[in-house]
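These are the residues of each chain, in order.
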Amino acid sequence: MKKLLITGFDPFGGEKINPAWEAVKGLPDRIGECELCKLEIPTVFGHAAAAVLERAEEIKPDVILCIGQAGGRAAVTPERIAVNIRDARIPDNAGNQPRGEFCWEDGPAAYFSTVPVMAMADSICASGIPGTVSNSAGAFVCNDTLYLLLHRFSGTDTRVGFIHVPWLPEQGTPNLPLEQTVRGLEAAISAL
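As the structure is a computational prediction, the values presented were derived from the model and not from experiment.

Participant: Hey, could you run me through the environment of P98 in this one?
Facilitator: Among the structural elements, P98 can be located in the loop between β7 (86-87) and β8 (99-101). On the basis of relative accessible area, P98 is assigned to the buried category, the value being 7%. Considering only alpha carbons, one finds P98 and I85, 13 residues apart in sequence, at a separation of 9.3 Å. If we ignore the near neighbours within four places in the chain, the residues touching P98 are F45, R86, D87 and A88.

Printed below as a string of structure tokens:
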């Protein structure tokens with residue numbers, strides 16, 4: 001049995017809900033060979049990754065998969081790459097708004113995800129949910145978290161990935177109903 005630490009962010013940017021955490025909460029505790037440990041994390045630069053690392057230290061997961069909200073996207077999108085940049089269009093939940101800073105001062109320009117993003121996207125699509133690989137996790141807290149986790153687990157057996165999900169219908173368009181987002185995440189996890 002593989003241990004999967006799966007996270008979702010709290011609401012940010014004036015929203016009252018975050019589809020990432022809502023979908024994570026809606027997942028079963030076991031999918032295929034994966035036992036899920038769920039964790040809500042803060043939408044705050046550096047603190048999100050720290051919360052994941054603290055929990056990972058406790059449970060020693062085989063895989064870490066973070067889920068984030070991507071307003072404007074119409075599909076469930078596994079992220080291929082994290083870049084070493086913090087460039088916030090809006091403040092995070094602690095009021096931080098870095099512009100052009102590094103996630104890790106002496107880190108490489110980018111890291112590739114260590115989960116099978118193509119297989120995950122194919123599995124999402126096969127489940128009837130729109131899915132595609134994304135080549136940009138942005139420059140906000142999602143990218144920051146993915147980069148810092150990939151940096152920490154570089155060269156280890158712990159695999160790290162990130163999936164962005166669309167808004168819920170009450171947040172705007174494009175969107176996906178919560179049950180479809182949950183189904184898409186289940187399909188992605190089944191490909192791990």
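Participant: Can you walk me through the side chain of T77 in this structure?
Facilitator: Structurally, T77 can be placed in strand β5 (residues 77-78). For T77, a relative accessible area of 4% puts it in the buried group. For T77, the residues in contact, after removing those within four places along its chain, are T132, S134, F162, I163 and H164.

Participant: Would you explain the side chain of T43 in this entry?
Facilitator: Mapped onto the elements of the fold, T43 is located in the loop between β3 (34-41) and α2 (47-59). Setting aside chain neighbours within four positions, we find T43 in contact with F9, D10, P11, F12, D92, N93, F140 and V141.

Participant: Whenever I open this one, helix α3 (residues 117-126) confuses me. Can you help?
Facilitator: Residues separated by three or four positions in an α-helix point in the same direction, a consequence of the helix having 3.6 residues per turn. Those residues of α3 lying buried are V117, M120, A121, S123 and I124. With its buried residues spanning 160 degrees around the axis, α3 presents them on a single face. For α3, the secondary structure elements touched by its buried residues are β4 (63-69), β5, β10 (159-165) and α5 (178-190). Where α3 ends, the next residue or the one after it, G128, has phi of about 90 degrees, a positive value.

Reading the values: rules and limits
- Residues numbered from 1 in each chain as written.
- Predicted model: local features only at pLDDT ≥ 70, side-chain atom pairs only at ≥ 80, totals over all residues.
- Heavy atoms only, no water.
- Helix = DSSP H or I, 4+ residues; strand = E, 2+ residues; numbered from the N terminus.
- Buried < 20%, exposed > 50% of the residue type's maximum accessible area, 1.4 Å probe, protein only.
- Contact = heavy atoms within 4.5 Å.
- Arc of directions from axis to C-beta.

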